[in-house]
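# Summary of structural features
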Amino acid sequence: MASKTFSGIDGKINSADVNADYESSERFDNVRVGKLGVFFRDFPKIRFLAYDLLERVFIRVNEVNLKTC
């Protein structure tokens with residue numbers, strides 16, 4: 001399998017450890033959670049956020065899709 005290139009805070013990441021973590025990560029809707037960090041799709045890239053770089057994390061409690069005029 002070809003290794004993927006991920007986009008991080010400081011630019012592109014092409015690491016075998018990050019690629020293996022992506023493949024073994026657990027998926028929750030649009031987010032994958034691994035042992036090294038969090039992965040999410042930002043079309044056309046896959047973003048990687050390492051846990052040691054995060055200071056605050058926001059979790060949306062309830063998404064409401066409302067169409068108003």
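As a reminder, the structure under discussion sits directly above these lines.
Let us now look at the packing of aromatic side chains. Here the structure, examined in full by the defined rule, presents 4 aromatic pairs. When the ring of Phe6 is compared with that of Tyr22, the centres are 5.3 Å apart and the planes differ by 55°; the resulting orientation is tilted. Placement of Phe6 in strand β1 (residues 6-8) and of Tyr22 in helix α1 (residues 16-24) is noted, with a sequence separation of 16 residues between them. Accessibility expressed as a relative area gives 13% for Tyr22, which makes it buried. For the ring pair Tyr22 and Phe39, a centre distance of 5.2 Å and an interplane angle of 75° mean the geometry is edge-to-face. Within this pair, whereas Tyr22 is found in helix α1, its partner Phe39 is found in strand β5 (residues 37-42), the two being separated by 17 residues in sequence.

On to the side chain of Ser25, then. Relative to the helices and strands, Ser25 resides in the loop between α1 and β3 (26-28). Here Ser25 falls in the buried class, since its relative accessible area comes to 11%. A distance of 2.7 Å separates a polar side-chain atom of Ser25 from the backbone oxygen of Tyr22.

Conventions we followed
- Residues numbered from 1 in each chain as written.
- Predicted model: local features only at pLDDT ≥ 70, side-chain atom pairs only at ≥ 80, totals over all residues.
- Heavy atoms only, no water.
- Phe/Tyr/Trp six-rings, centres within 6.5 Å; stacked < 30°, edge-to-face > 60°.
- Helix = DSSP H or I, 4+ residues; strand = E, 2+ residues; numbered from the N terminus.
- Buried < 20%, exposed > 50% of the residue type's maximum accessible area, 1.4 Å probe, protein only.
- Polar contact = N/O pair within 3.5 Å; in protein donor to acceptor, adjacent residues only side chain to side chain.

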